Structures are given as C-alpha cells and as structure tokens.
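Geometric and topological summary
So you can see what is in the structure, the chains are spelled out below.
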Amino acid sequence: MKYLEFEKEIQELEQKRDLLRHEGVGNRENLAKELSRIESKLKRKTEEIYKSLNPWQKTLVARHETRPHTLDYIEALIDDFTPLAGDRLFAEDAAMVSGLGRFRGHSVVVLGLEKGNSTQTRLEHNFGMSKPEGYRKAVRMMELANHFNLPVLTFIDTAGAYPGVDAEARGQAEAIAKAMEKSFNISVPLIACVIGEGGSGGAIALAVADKVLMLENSIYSVISPEGCASILWRDASMAKEASKALHLTAQDLLKLKVIDEIIPEPLGGAHRNPAEAMKNAGDVFEKHLKELDKIDTQQLKGKRRDKFLQMTRDVSLKK
Amino acid sequence: MNWLTNYVRPKIKNMMSQKEIPDNLWEKCPSCEKIIFVKELDKNLRVCPECGYHFKITPEKRLSLLFDNGEYTLVSVPQVADDPLHFSDLKKYADRLKASRAKTNQEDAILVAHGRINSHRVVVAVFNFGFMGGSMGRAVGEALISAVDLALLQEASLIIVPASGGARMQEGILSLMQMARTTMAVQKLKEKGLPYLVLLTHPTTGGVTASFAMLGDITLSEPGAIIGFAGARVIAQTIREKLPDDFQTAEYLHDHGMVDMIVKRKDLNKTLGRIIDLLTVRLKK
C-alpha cells in the first residue's frame, strides 16, 4: 500500500492493526478488544481525513497508483468483454481500450483510457495518453455502437492526450475534435465516467455524453494543476494553489452543472476497496442506462445537444 | 502533460511585446530582420515586403481585408458574466480582463461581423490574440454560438479566424466545455448545408485547435502560422529530441494533410470568395 502525504495517521493505525492481527501478543480477549478499538479509531480517522480532502489531496487520490483503472472496471463490470482494435487508418493505440461486452445484461460498446499498473503495462498503454489513432478508434467504436443501436460507456483516466511529434503530425487536434463531433451525432445512449484523472482535451474527447459521472475523488480539469501553476504562477511547485483555483473536484463540477452525478467511493478512497467503488459505479451506470433507454433515440441526440448548449450558462461559484 | 501546458510561452510573449513598440515609425521583421516603415508595412497588409512574413493584424484590419470593399457590420454578441470561479493567480482574473479591455477596447477575445465576400452573404468571427492570448472562455464560446445562429438566420457562410493559445485557464472547466459547445454549434451549419470555413492564423493551439478550428468543411491557413495541439516546448521536453525545423507551421500541417490551402493575405478575399461561390452556386450562367 502506498500512503499519501496526508495519510500518516491512517498508515500508523493500519500498521498497528496489521501487527495485532498477525503477531498478536497477550491473551485473545485483550487482543480482540484492542483490535476493535484500533479499527474503530482507524475508521474515525479515515472518515475525518477523507471528509475534508482539499483539491490537491483529491488530485493525489485521483492519481493513486493502486486506484482501479479502466481495465479493472471492465473486469469487474463487463461480461464477455471482447476487445476490438485499430482505427483502420494507421495503428492500434493501447492507451485507448475499446470493445464489446455485456453490462448487467445490456450489450454495450466500451471505451476507456488505461494508464497501466506496472512499469511494463504503463509503457504498453503509453501511461493512458492516447494518440490520434486512439481517438479515431473511439470514433469508429461510436459508429459501430450507433449502427447496432448499442449504448456506449466510457471510462476516463488520463493526464491528457499524448504530446509528441508523431501525434501532432497525424493531427491530434483534429482527432479529438472529431471524437466530440461524433458524440453529438450518434443516437444511442452515451454515459461517460471520470474514474481518476480527467485531463483536458484528452478527456473531453470521451466526455460528450448524455450523462457525465465522476467518482467522488476524481478530478476533471482544463489543465493539470502543475501545468496551470507553471504558466500562471511561473512555478510548477504552486500546483497546490492552482488545484484550488481551478475547481477541479467532482463536488465543484457538480455545482457548476458540468457533471450529472457523483459516484460515492468507499471509506478512504477507491484504492482501499476497489470492488466496492466499481460496484457503486456499476449501480449508477445501470440506473442511468435504464432511464436513457426509455428515451426515443432521435430525441436523445437533441437532448444531449441541448444539455451542452445550456452548459456553462448562468453558473458560478460562491466567493 | 496538458495541451495548455503548452502555450510556448516565451514565443508568445515575444510576439505580444513586439506589437507594442512605442516608436511606431518602423518595425523589424522577426523573420528576415529587415527594418520596415510602418506605413509601408500597412500598405502591404502587414506582410514583410522582403520575405513575405505575415505580421499579426488587428481584428478590425482582418475583417476589412476579408470582406468585399472592406465593408462589414459588427454584430453584438451575448453578454456573459465575468469571472465565474473568482479566479486569482499572481493577478486577479478580473484585473486581467480589465487590462485587456482597456488595451484592446473590446469586451473579450472575439469580434463577429457580417457582410459580403464575392457578393455572397458571410458571417466572420475573428479572434483577437491581443486579448489574453485569444483564449476561449464563456464569452468566446457564446460569441461563436451566436455567429453560427446568425449564419443560419441569414443563410450565410461562416468563416472563423482563430488566433488563440487555447482554452482560458481562468475559467477552469467552464472553458474546457467551450470545446464541446463550439463543436456542436458548427454541426448545425453542416446539417443545413451552409459552408463553414476556417482560416487558421498565427498562432492557433490547444483547445481551440482541438475543436471547431479543425472541423471546417475547408481549412485555409496564412503562411507560416504556428498551428498545433501541444506546445513545442512541452513536446521537446517529452521526447527529448530536436523538433523538425518547420514543426507545427501551416506548411507542415499542409504537408501532413491537415490544411487544404495556404493562402497569402492579399489573396484571402479572392480565394474565400471563389470557394464559397463554387460550394454554393451550382450552375453559373
């Protein structure tokens, strides 16, 4: 378990708990008593810390390396997952996972940005940073979904689209724009979920949806706090300040009506109990999918467009 | 790693300061370093007579050289409340807005006008890079949406002329959402079969490139314009290699299939007029 800088007290209590569990000394009755005392203290402490995370701390939780990633969600929520590859133009992009599968009985198309969870898989998935071929594959998948009248589920977890010479040469900007354009032009339900990091253009390419959801401790922003700090403060170490100024938390984005719902995370964050986090996400997807299924397909596209037309109008945060 | 990390700040700063040389008798060409009389430069549409470098021009000048006989009517765009996030970095966003308004005499980073090109009705939206780097926040988003609505109403063509560092960070997620909103807006023109043309000018990067700017039915660019998604500095840091000399220039994009034509400033009215005519007049007697 990797502990974050603000989890020191949690770390100590968890270590004590584990010591007691594995190397218990003294009589069994005292041991059980002490264990339950520590466990309730741990619960209280974790609640206390996680209830009042600041935006920078949430950024760290959103990026936590053992937080469930796209492939974990697919494993947990999608039966018969059948990965599909390639943009039919240039290449397969492993940062963008895509395929067919069954979500609680519904046949769906799944798209998601995968960061990887070991050195090897991070390299394989290019740290979750898609190139144009990834976004073009996403367009292809949305067309497939539309053709067979299947809903689309997207999982967003990326620092951003890949900044590289090859990506620019092949039209990174155009690929992202086309992914958003396609999202406005298909008639099937689209549900997008930011599960960790929603990094700017690379994220919104998959987040033009009927329902945009965010995990409780995920972030979604026009620019990373570090990037913002280095431009506006001319000092990347001001990232903490920038994270506050950007209002990138799920809670602020809900207030700004940019997202539709927050998916609760288990006590201490999704990385402490991935199964519960993913089940919560599944329950919320299912609820929205059932509602969206009732809407006539032609109306659905119009409603999606209206939602984005109204978005950002007449909203502001209190001082 | 974000596209806005990218701004290529030193370069942009440079350009902005060059524009405001107090001694306004002459300017130095940043490309060939020739000293040029401002009068001569203006007469030549602010294109270096020596090497053809296209200097920045004000949105008003841009509008007058695009429309027939330089005639156009400015359109008022929706009023948008300032500073929705109460953003403050080293300076308050509210103060930055005030300063930009004083400097440019404009409400925000965009002007919308209508008029005629080759006698065809056209709506033009022009970015002002001098207003907070032409960045796109709510005001720019709403202005673009209203430009689309006006084109629909007039059954006119729409030309957008971006010059922008990307989304306006000071409006946080609300600026990111303008990428989706403007992308959606231009769909309406496409569905009505009205021409949507983009004229890329120097520089166009980040979230502006990755939305409406790359979705034109036809995309033109001025010579030498820097156009890209991620900034060159960030890319150089990521790959730790020297970038190609012409990287992210209009010519580079043209050669990589992202831009239809590179058009010199003096030929813009004629070329745009011909394109609109060819797209909309099927049979000419």
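Residues numbered from 1 in each chain as written. Chains lettered and ligands numbered in written order. Predicted model: local features only at pLDDT ≥ 70, side-chain atom pairs only at ≥ 80, totals over all residues. Heavy atoms only, no water.

Notes on the overall build of chain B
Looking only at helices and strands, chain B features 10 helices and 9 strands. Over its C-alpha atoms chain B spans a radius of gyration of 18 Å, differing by no more than 12% from the 19 Å that the globule rule assigns to 285 residues. Along the first, second and third principal axes, the C-alpha atoms of chain B reach 60 × 45 × 40 Å. Within chain B, buried positions represent 59% of all 285 residues. In chain B, 68% of the contacts between residues at least 6 apart in sequence involve partners at least 24 apart. With the model as given, the accessible surface of chain B reaches about 12100 Å², and the carbon-plus-sulfur share is 52%. Here chain B holds 37 positive side-chain charges and 31 negative ones, and the gap between their average locations is 1 Å. (Helix = DSSP H or I, 4+ residues; strand = E, 2+ residues; numbered from the N terminus. Rg over C-alpha atoms; globule rule 2.2 N^0.38 Å. Buried < 20%, exposed > 50% of the residue type's maximum accessible area, 1.4 Å probe, protein only. Contact = heavy atoms within 4.5 Å. Areas by Shrake-Rupley, 256 points an atom, 1.4 Å probe, with all protein chains shown as cover. Lys, Arg positive; Asp, Glu negative; His and termini not counted. Charge placed at Lys NZ, Arg CZ, Asp CG, Glu CD.)

Considerations on the overall build of chain A
Scanning chain A for helices and strands turns up 14 helices and 8 strands. A globule of 319 residues ought to have a C-alpha radius of gyration of about 20 Å, and chain A, at 21 Å, matches this closely. Expressed along its principal axes, the backbone C-alpha trace of chain A runs to roughly 65 × 50 × 45 Å. Put simply, of all contacts in chain A between residues at least 6 apart along the chain, 72% involve residues at least 24 apart. Distance between charge centres in chain A, computed from 47 positive and 47 negative side chains, equals 4 Å.

Describing the pairing of strand β7 (residues 196–200) of chain B
Residues and elements named next belong to chain B. Where burial is concerned, most of β7 is hidden: 5 out of the 5 residues are buried. Residue alternation in β7 divides its side chains into two sets, Y196, V198 and L200 and L197 and L199, and both sets are buried. Looking at chain direction, strand β6 (residues 157–161) and β7 are connected through 3 bridges and run parallel. Note on β7: the bridge partner recorded for I159 is L197. Each parallel crossover has a hand, and for β6 linked through helix α6 (residues 172–192) to β7 it is right-handed. (Pairing = 2+ DSSP bridges. Right-handed = clockwise from strand over helix to strand, strands pointing away.)

Description of the state of the cysteines
Disulfide: a covalent bond connecting the sulfur atoms of a pair of cysteines. Residues and elements named next belong to chain B. By the definition in use, this model includes 0 disulfides over all chains. The structure places no disulfide on C29, whose sulfur is separated from the nearest cysteine sulfur, that of C51, by 3.6 Å. Taking the relative accessible area as the measure of exposure, C29 reaches 1% and is therefore buried. You can see C48 has no disulfide; the closest cysteine sulfur is in C32, sitting 3.7 Å from it. Overall, C48 belongs to the buried group, its relative accessible area being 2%. (Disulfide = S-S within 2.5 Å.)

Some details on the confidence of the model for chain B
Residue and element names in this part refer to chain B. Of all residues in chain B, 92% attain a pLDDT of 70 or more, and the chain-wide mean is 92. Here residues 1–14 is a poorly scored stretch, pLDDT under 50, and it has 56 contacts once near neighbours within four places are set aside; other chains count. For this predicted complex, the interface score ipTM comes out at 0.96, alongside a pTM of 0.94. (pLDDT = per-residue confidence, 0-100.)

Looking at a nonpolar patch on the surface
Together, L25(B), W26(B), I35(B) and F37(B) make up a nonpolar patch on the protein surface, roughly 420 Å² of accessible area in all. According to the relative accessible area criterion, I35(B) is partly exposed, its value standing at 47%. (Patch = residues over 30% accessible without salt bridge, like charges linked within 9 Å, V, L, I, M, F, W, Y side chains within 5 Å. Salt bridge = Lys/Arg side-chain N within 4 Å of Asp/Glu carboxyl O.)

Focus: the interface of chain A and chain B
Facing 59 residues of chain A, the contacting portion of chain B comprises 57 residues. For the interface between chain A and chain B, the tally reads 3 salt bridges. Between K190(B) and E181(A) there is a salt bridge, and its shortest N-O distance comes to 3.3 Å. Counting every contact that joins chain A to chain B gives 16 residue pairs in polar contact (both at pLDDT 80 or more). Listing elements by their share of the side of chain A that touches chain B, those giving two or more residues are α7 (165–169), α8 (172–185), α9 (200–204), β7 (219–221), α10 (225–233), α11 (239–246) and α14 (297–310) of chain A. Looking at the side of chain A that touches chain B, the element that brings in the most residues is α8(A), giving 10 residues. Residue composition of the side of chain A that touches chain B, by class: 31 nonpolar, 16 polar and 12 charged. (Polar contact = N/O pair within 3.5 Å; in protein donor to acceptor, adjacent residues only side chain to side chain. Nonpolar A, V, L, I, M, F, W, Y, C, P; charged D, E, K, R; others polar.)

With respect to the environment of S211(B)
Within the secondary structure, S211(B) sits in the loop between α7 (206–209) and β8 (218–221). Sequence separation between S211(B) and Q178(B) is 33 residues, and the spatial gap between their C-alpha atoms is 8.7 Å. Apart from the residues within four sequence positions on either side, S211(B) is in contact with A177(A), M180(A), M136(B), M179(B), T182(B) and T183(B). Here G207(B) takes part through its backbone oxygen, which lies 2.9 Å from a polar atom of the side chain of S211(B).

A word on the domain arrangement of chain B
Many structure descriptions define interface size as the accessible area lost when the parts assemble. Residues and elements named next belong to chain B. The domain architecture assigned to chain B consists of domain 1 (20–55) and domain 2 (57–284). Here domain 1 and domain 2 have C-alpha centroids that lie 24 Å from each other. Listed per partner, the contact involves 7 residues of domain 1 and 9 residues of domain 2. Summing both sides of the interface, domain 1 and domain 2 together bury roughly 670 Å²; the carbon and sulfur share of this comes to 57%. Of all residues in domain 1, L45, R46 and H54 bury the most surface against domain 2, accounting for 69% of the area lost on that side. Between domain 1 and domain 2 we count 1 salt bridge in total. For the pair domain 1 and domain 2, the number of links is 4 residue pairs in polar contact (both at pLDDT 80 or more). Partitioned by chemical class, the residues of the side of domain 1 that touches domain 2 number 3 nonpolar, 1 polar and 3 charged. (Domains from an automatic or database assignment. Buried area = accessible area lost by both parts, 1.4 Å probe.)

Topic: the pattern of salt bridges
Any two side chains of opposite charge can pair, given that their charged atoms come close. Residue and element names in this part refer to chain A. By the definition in use, this model includes 46 salt bridges over all chains. Here K115 makes a salt bridge to E197, at a shortest N to O gap of 2.7 Å. One end of the pair, K115, is in the loop between β3 (106–113) and α5 (119–124); the other, E197, is in strand β5 (residues 190–199), with 82 residues separating them in the sequence. When its relative accessible area of 8% is taken as the criterion, E197 is described as buried. E143 is the salt-bridge partner of K182, the closest N and O atoms lying 3.0 Å from each other. Of the two residues, K182 is situated in helix α8 and E143 in helix α6 (residues 132–147); the sequence distance between them amounts to 39 residues. Among the charged side chains, a network of salt bridges with common partners joins R63, K115, D157, E197 and E226.

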